[in-house]
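One-letter residues, chain by chain:
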Amino acid sequence: CKVVDATGLILLPGGVDAHTHFDLDVGIARASDDFYTGTVAAAFGGTTSVVDHMAFGPKGCALGHQVEEYHRLAKDAVIDYGFHGIIQHVDDAVLSDMEILLDEEGISSFKAYMTYDYNLDDKDLLKVLKRANDLGIVICSHCENDAMLHALRERDKREGRLQARYHPLSRPDVVEAEAIYRFLSLARVAGEAKAYVVHLSSALGINTYNFIKSLGQCN
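Cut-offs used in this document
Residues numbered from 1 in each chain as written. Predicted model: local features only at pLDDT ≥ 70, side-chain atom pairs only at ≥ 80, totals over all residues. Heavy atoms only, no water. Phe/Tyr/Trp six-rings, centres within 6.5 Å; stacked < 30°, edge-to-face > 60°. Helix = DSSP H or I, 4+ residues; strand = E, 2+ residues; numbered from the N terminus. Buried < 20%, exposed > 50% of the residue type's maximum accessible area, 1.4 Å probe, protein only. Pairing = 2+ DSSP bridges. Expected span 1.5 Å × (residues − 1). Arc of directions from axis to C-beta. Contact = heavy atoms within 4.5 Å. Core = buried A, V, L, I, M, F, W, Y, C linked by side-chain atoms within 4.5 Å. pLDDT = per-residue confidence, 0-100. Axes fitted to C-alpha atoms, helices over the stretch in contact; angles between N-to-C directions.

(A) Quick look at the packing of aromatic side chains. A full pass over the atoms with the stated rule returns 9 aromatic pairs. Between Phe35 and Tyr70 the ring centres are 6.1 Å apart and the planes differ by 85 degrees, which places this aromatic pair in the edge-to-face class. Pair noted here: Phe35 is in helix α1 (residues 35-44) and Tyr70 is in helix α2 (residues 65-73), with a separation of 35 residues, a long-range link. For Tyr70, a relative accessible area of 2% corresponds to the buried category. Ring geometry for Phe35 against Phe83: centres 6.5 Å apart, planes inclined by 90 degrees, an arrangement best described as edge-to-face. Taken together, the residues span a long stretch of sequence, with Phe35 in helix α1 and Phe83 in strand β3 (residues 80-87) at a distance of 48 residues.

(B) Quick peek at the pairing of strand β6 (residues 194-197). Residues Ala195 and Val197 of β6 are buried on one face, while the alternating residues Lys194 and Tyr196, pointing to the opposite face, are not. Here strand β5 (residues 138-142) runs beside β6; their pairing, made up of 4 bridges, is parallel. Bridged to Ile139 within β6 is Ala195.

(C) Region of the structure containing helix α8 (residues 203-214). Here α8 contains 12 residues, and its C-alpha end-to-end distance of 16 Å stays within 8% of the 16 Å for a straight helix at 1.5 Å per residue. Taken residue by residue, α8 has Gly205, Thr208 and Ile212 as its buried positions. Along the axis of α8, the buried residues cluster in a sector spanning 60 degrees; they form a single face. Away from the buried face of α8 by more than 90 degrees, exposed residues Ala203 and Ser214 are located.

(D) Layout of helix α4 (residues 122-135). Between its first and last C-alpha atoms α4 spans 20 Å; for 14 residues at 1.5 Å apiece the expected length is 20 Å, and the two agree. Of the positions making up α4, those classed as buried are Asp124, Leu125, Leu126, Val128, Leu129, Ala132 and Leu135. Lining the buried residues of α4 we find β3, α3 (92-105), β4 (109-113), β5 and α7 (173-189). Note on α4: the residue one or two positions beyond its end, Gly136, has a positive phi of about 75 degrees.

(E) Region of interest: the nonpolar core. Counting 47 residues, the largest nonpolar core has Ile87, Met98, Phe110, Leu129, Ile139 and Phe183 as its most contacted members. Those elements that provide at least two residues to this core are α1, α2, β3, α3, β4, α4, α7 and β6. When neighbours within four sequence positions are excluded, Ile139 is seen to be in contact with Met98, Phe110, Ala112, Val128, Leu129, Ala132, Phe183, Lys194, Ala195 and Tyr196.

(F) Quick look at the environment of Tyr166. Along the polypeptide, Tyr166 turns up in helix α6 (residues 166-169). Judged by relative accessible area, Tyr166 falls into the buried class, the value being 16%. Between the alpha carbons of Tyr166 and Leu126 there is a distance of 33 Å; along the sequence they are 40 residues apart. In this structure, Tyr166 is in contact with Asp156 and Arg161, ignoring residues within four places of it in sequence.

(G) Spotlight on the confidence of the model for the protein chain. Counting all residues, the mean pLDDT for the protein chain is 94, and 98% of those residues have values of 70 or more. Confidence, expressed as mean pLDDT per element, reaches its minimum in the protein chain at α8 with 88 and its maximum at α4 with 98.

(H) Spatial organisation of the sheet that holds strand β2 (residues 47-53). What the 6 strands build is an open sheet, ordered β1-β2-β3-β4-β5-β6; its pairing is parallel. At either margin of the open sheet sits one strand with a lone partner, and together these are β1 (15-20) and β6. Across this sheet, the average inter-strand angle for adjacent strands is 25 degrees, counted without regard to direction.

This is the structure in C-alpha cells:
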C-alpha cells in the first residue's frame, strides 16, 4: 500500500464544480440539462459535487422560496449538491433569512446581480455585504454596470444593430471592470466582506480584480 500524508489537507472524492445552472428557467428558455442528466455527466467526468446557482423566483418572494423549489428539482441528482442562494430584493426579512438558510440549509453563499431584472443598487448591495460579513458568508455577484449596458443596448436598437454579433459589442470590457471595482469597493466598506466575482469575461476585468487584490482591498 502507498500511504499519502494528508495532514492539514481536505480529502475530496472528486472535483467540485461551484458554478452550475441545472434546469435553469429564464422565462423564454430552459437549460437542456436537468439535475439528473447534468449530474450523471458530471460524475462521468470525475465531478462528485456541484453548487448550483438558482434561478430567479417570483417577484417579491421570500429568500427560501427558490431553495424549496430547487430541492424538488434536484431530487434525482446522483452526486452531492448544494446551492448558492439568490437575492432579488433587500428588506429586513431577507437579511434575517440569510442566517436561517445558513443554519438550516447550510447555504453559505448568496448571489446578487448588478444588472438584469433583479439587480441591486449600491445601497442594497452594501446592506447585503455587511450582513454577509457579520455571518461569515460569501456574496457572489454578476458584475456589469447596468446603466452603461442598457445605454449601449438602446443605441444598438435605434441603429438597427440586432444581430447576435452585436451582443458582445454592447458589453465592452469597461462595463464589467467598472462593476468589479465597485463591487469589491463595497465589500471593503462592509468590513472586508467575502466577495466572489463570478464568470469574469475580460482581461480588463481580471486586471481590475488583481489590482484591487494587490492593494489588499478585497477578501
